[in-house]
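# Overview (structure and organization)
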Amino acid sequence: QVQLEESGGGLVQPGGSLRLSCAASGSVFSINTMGWIRQAPGKERELVARIDSDGVTNYADSVKGRCTISRDNPKNTIYLQMNSLKPEDTAIYYCYVNYVGTDQNARSAWGQGTQVTVSS
């Protein structure tokens, strides 16, 4: 019932910055949490950041202090501002949403992913 579209990935040098965007659309009863998950080859999936309906945020220790997640409610969009990027940040970044559908069932959805590559 929810579709997510990510953008903003790319190739940056170490120490550079990127801002990822995720726009949500579709029919929901309510959105509980939105955030970002990243997947790199040979590594476990990692929850990078999340933001709930009240704007409360959480970050992985690996990115805390370098990344900021934010939400634009009128646009149904979240952002991930990433600064001081490191090669170990290289991964596919997926936007996800936990929500309650119009049928009152708890559901999750995720986007197609956007590639972030940090390399000199």
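Here, the structure is the one placed above.
A brief structural summary. (Residues numbered from 1 in each chain as written. Predicted model: local features only at pLDDT ≥ 70, side-chain atom pairs only at ≥ 80, totals over all residues. Heavy atoms only, no water.)

### Details of the overall build of the protein
Threshold: By the criteria applied, helices consist of DSSP H or I runs no shorter than four residues and strands consist of E runs no shorter than two, each listed in order from the N terminus. Only the C-alpha atoms count toward the radius of gyration. The rule for a globule is 2.2 Å times the residue count to the power 0.38. A 1.4 Å probe rolled over the protein chains alone gives each residue an accessible area, and that area as a share of the maximum for its type sets the label: buried under 20%, exposed over 50%, partly exposed in between. By the convention used here, residues are in contact when the closest approach between their heavy atoms is within 4.5 Å. Note on areas: Shrake-Rupley, 1.4 Å probe, and residue coverage restricted to the protein chains presented here. Two residue types count as positive, namely Lys and Arg, and two as negative, namely Asp and Glu; His and chain ends fall outside the count. Where a charge lies is defined by one atom per residue type, namely NZ (Lys), CZ (Arg), CG (Asp) and CD (Glu).
Counting secondary structure elements, the protein contains zero helices and eleven strands. Moving toward the C terminus, one meets the helices and strands of the protein in the order β-β-β-β-β-β-β-β-β-β-β. In terms of overall dimensions, the protein is globule-like: its C-alpha atoms have a radius of gyration of 14 Å, near the 14 Å expected for 120 residues. Counting across all 120 residues of the protein, residues that qualify as buried make up 38%. Of the contacts made within the protein by residues no fewer than 6 positions apart, 55% connect residues no fewer than 24 positions apart. If you sum the accessible surface of the protein, you get close to 6600 Å²; carbon and sulfur atoms cover 46% of it. The average position of the 11 basic charges and that of the 11 acidic charges among the side chains of the protein differ by 3 Å.

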